[in-house]
Every structure is written in structure tokens, then in C-alpha cells.
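Structure at a glance
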Amino acid sequence: MENNDLLREQAKRLRQISHNTANASDVSRSIVLSGTLTALPTELCRYVTLLNTTGTAVSFQVNSATSGTGAATITLPTGSGVTIETCETDFVKVSGSGTLGYIVSQ
């Protein structure tokens, strides 16, 4: 590797360490569900918490862009929530009806 490549790689690692060790801040979001699996809008994050207050079950998947494998679809009953560890919100896909609230922890 050339020096420039080494410096870029080191800078990338330092940004990742900084991202992983900084205090998390929570931001509330919502998405209108369409009945088909739809990725959450893209944001960098540590966690995504889905809060199902829609009155009906919501389905979700968590995929990694680099895994190369499909993910199972999981049902989230009404009145429940789940926290998902992920580095990008768009790795989480949701479907159902109504408006789903979620929290992005950055």
C-alpha cells in the first residue's frame, strides 16, 4: 500500500472508532407503511428502535448490504417494539399499514 492509501485507511478507522464511542443521541422518525417491504430512509446510526402503535402487526427485515444473504421476515405485534443494532437505517425494511414510529440512535 502507498502512504496515501495507508493514511486513508487509518482515517477511516478513526472515524469508525469515533462513531462507535460517541454518546448516542436519539431522533424520532416515522414512516407511512405501504404494505410492501420498504427500507427506512438512509441514516448512519448505532440502533433503530421500531415502535408498533399502528393497531395491526408490522413486518420487518434486517439485511446487511455486504452479507449476500436474505433475511427472515419478522412480525412485530401491535403495542410492541424492538431495538435493532445496525450501522445504517436502510438495512431495516418494514411493511404493514398505518404510520410506524421509530427512533434512530446515532
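First, a word on scope: everything that follows refers to the structure included in this document. (Residues numbered from 1 in each chain as written. Predicted model: local features only at pLDDT ≥ 70, side-chain atom pairs only at ≥ 80, totals over all residues. Heavy atoms only, no water.)

Notes on the side chain of S105
Heads up, the condition is: Each helix is a run of H or I in the DSSP string that is no shorter than four residues. Each strand is a run of E no shorter than two, and both are numbered from the N terminus. Burial status follows relative accessibility: with a 1.4 Å probe on protein chains alone, a residue under 20% of its type maximum counts as buried, one over 50% as exposed, and anything between as partly exposed. Side-chain atoms alone can form a polar contact between residues adjacent in sequence; in general such a contact is a pair of N or O atoms within 3.5 Å, and within protein one must be able to donate a hydrogen while the other accepts it. Contacts: residue pairs with any heavy atoms within 4.5 Å of one another.
Take S105: it is sitting in strand β8 (residues 97–105). Among the residues examined, S105 registers a relative accessible area of 9% and is labelled buried. Only 2.6 Å separates the side chain of S105 from the side chain of D26, close enough to count as a polar contact. The contact partners of S105, leaving out residues within four places of it in the chain, are S25, D26, C45, R46 and Y47.

Digging into the sheet that holds β8
What holds strands together in a sheet is hydrogen bonding between their backbones, with the strands either parallel or antiparallel. Basically, it comes down to this: For two strands to be treated as a pair, DSSP must find no fewer than two bridges joining them. Here, axes are lines fitted to C-alpha atoms. For helices the fit covers the stretch in contact, and angles between N-to-C directions go from 0 to 180 degrees.
Spatially, β1-β8-β3-β6 is the arrangement adopted by the 4 strands of the open sheet, whose pairing is antiparallel. Edge positions in the sheet fall to β1 (26–34) and β6 (80–85), since each of these pairs with one other strand and no more. In this sheet, neighbouring strand axes are inclined to one another by 25 degrees on average, regardless of whether the strands run parallel or antiparallel. Both strand β3 (residues 47–52) and β6 contribute to a ladder of 6 bridges, which runs antiparallel. Note that in β6 the partner of T49 across the bridge is T83.

Notes on the side chain of T86
With respect to the helices and strands, the residue T86 is situated in the loop between β6 and β7 (92–95). By relative accessible area, which is 10% here, T86 ends up buried. Looking at T86, its side chain comes within polar contact range of the main-chain oxygen of E88, at 3.2 Å. Apart from residues no more than four positions distant in its own chain, T86 is found in contact with C45, R46, Y47, V48, F91 and V92.

Concerning the nonpolar core
Put simply, the rule reads: Buried residues of nine kinds, namely Ala, Val, Leu, Ile, Met, Phe, Trp, Tyr and Cys, make up a nonpolar core once their side-chain atoms join them within 4.5 Å.
Residues I31, L40, L50, V94, L100 and Y102 are the most contacted members of the largest nonpolar core, which totals 15 residues. Listing elements by their share of this core, those giving two or more residues are β1, β3, β4 (58–62), β7 and β8. When residues of this core are assigned to their parent elements, the largest contribution, 3 residues, is made by β8. Setting aside anything within four residues of it in sequence, one finds Y102 in contact with V27, S28, R29, S30, I31, L40, P41, V48, T49 and L50.

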